[in-house]
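Here is how the chains run, residue by residue.
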Amino acid sequence: MEGTKPVNKKLAAALSGGAVLVLTLSGCGSSGGSSSGNDKLNSWAKQVCDAVKPQAQKIEDANTAIQKQTSDNSTPDAVQKTDAQAFQDMSDAYKAIGAAVDNAGPPDVENGKTKQANAVKELNQISGSYAALKTQVAKLDTKDQAKFAEGLKGIATQLGKLSQSGSDALKQLEEGDVGKAMAQQESCKSASGSAGAANG
């Protein structure tokens, strides 16, 4: 069963890149400092961070599940099952983060409404991409090792693209005071800390 292992390692590497998107949202990229005492903005940041934390954990757990399959001498069936479940979890998590940003309303900053709308749209697109990858991995032929490995390679390539694309709207949402307010939230600090350590 050696054939799928190097490919699934590639998949795991591409996936840990995908987790970076959540770190972007957890405010760890922003410098600390006071968020100019804006209570409205602070409560917005708290609402978003509290909602992001469990979803960041879910994405991290999905990452770990796929990484674990790369270290075990797994059968194609086991790899397929784990990967499909992980992609489903990631899709659900990004959708939930999108809903959290949507429910929080626009942050109290300049162009807050546009930034919020763009971030929600982006999060929903990422969710859709993971759902598509789940469908794709579920259709792979596990009876034919070579075909399966080839299929996984294609998915790893798409994952790599997914982890590099995307988070522009999230970064824009977090610029300036929003990022500072998020960086001060306990739930964002812990979300970014644990995921950062797991990938380090």
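Our structure is the block above this text.
Thresholds applied
- Counting from 1, residues in each chain are numbered in the order their sequence is written.
- A pLDDT threshold of at least 70 governs which residues receive local features in this predicted model, and a stricter bar of 80 or more applies before side-chain atom pairs are shown or counted, although totals over entire chains, interfaces and linings include all residues.
- Side-chain descriptors were evaluated using all non-hydrogen atoms of the structure, hydrogens and water having been removed beforehand.
- Strands here are runs of E lasting at least two residues and helices are runs of H or I lasting at least four, both read from the DSSP assignment and numbered beginning at the N terminus.
- Three labels apply to residues, based on accessible area from a 1.4 Å probe with only protein chains included: buried if under 20% of the type maximum, exposed if over 50%, partly exposed otherwise in between.
- Polar contacts, as counted here, are pairs of nitrogen or oxygen atoms within 3.5 Å of one another; within protein the pair requires one atom able to donate a hydrogen and one able to accept it, and residues that are adjacent in sequence qualify only if both atoms are side-chain atoms.
- Contacts are assigned to residue pairs that have any heavy atoms within 4.5 Å of one another.
- The set of buried Ala, Val, Leu, Ile, Met, Phe, Trp, Tyr and Cys residues whose side-chain atoms join them within 4.5 Å is what this entry labels a nonpolar core.
- Classification of ring pairs rests on two measures: the distance between centres of Phe, Tyr or Trp rings, Trp counted by its six-membered ring, which must be within 6.5 Å, and the angle between planes, read as stacked under 30 degrees, edge-to-face over 60 and tilted in between.
- Axis lines are fitted to C-alpha atoms, over the contacting stretch for helices. Their N-to-C directions set the angle, which ranges from 0 to 180 degrees.
- The scheme is simple: roughly parallel for angles under 35 degrees, roughly antiparallel for over 145, roughly perpendicular for 65 to 115, oblique for anything else.
- Handedness of a crossing follows from how the near helix is turned relative to the far one, being left-handed for an anticlockwise turn of less than a right angle and right-handed for a clockwise one.
- Each residue gets one of three labels, nonpolar for Ala, Val, Leu, Ile, Met, Phe, Trp, Tyr, Cys and Pro, charged for Asp, Glu, Lys and Arg, and polar for the others, Gly among them.

Caption draft 1: Broad picture of the side chain of asparagine 38. Position of asparagine 38 among the secondary structure elements: in the loop between helix H2 (20-25) and helix H3 (39-71). By relative accessible area, asparagine 38 is classed as buried at 19%. In terms of polar contacts, asparagine 38 uses its side chain to reach the backbone amide nitrogen of lysine 40, at 3.1 Å.

Caption draft 2: Layout of the side chain of serine 187. Residue position: serine 187 is located in helix H9 (residues 186-199). At 2.6 Å, the side chain of serine 187 and the side chain of aspartate 50 are in polar contact. In this structure, serine 187 is in contact with Cys49, Asp50 and Lys53, ignoring residues within four places of it in sequence.

Caption draft 3: The nonpolar core, seen in detail. Grouped together as the largest cluster of nonpolar side chains are 41 residues, with contacts concentrated most on Trp44, Phe87, Tyr130 and Met182. Every element with two or more residues in this core is listed here: H3, helix H4 (76-104), helix H5 (112-138), helix H6 (145-164), helix H7 (168-173) and helix H8 (177-183).

Caption draft 4: View of the packing of aromatic side chains. As enumerated under the stated definition, the model contains 2 aromatic pairs in all. Between tyrosine 94 and tyrosine 130 the ring centres are 5.6 Å apart and the planes differ by 5 degrees, which places this aromatic pair in the stacked class. Of the two residues, tyrosine 94 sits in helix H4 while tyrosine 130 sits in helix H5, which places them 36 residues apart along the sequence. Given a relative accessible area of 1%, tyrosine 94 falls into the buried group. Looking at tyrosine 130, the relative accessible area reads 0%, which means it is buried.

Caption draft 5: Main features of the packing of H4 against H5. Where H4 contacts H5, the axes come no closer than 8 Å and their chain directions differ by 165 degrees. In terms of axis orientation, H4 runs roughly antiparallel to H5. As H4 runs across H5, the sense of the crossing is left-handed. Residue composition of the contact of H4 with H5, by class: 14 nonpolar, 7 polar and 4 charged.

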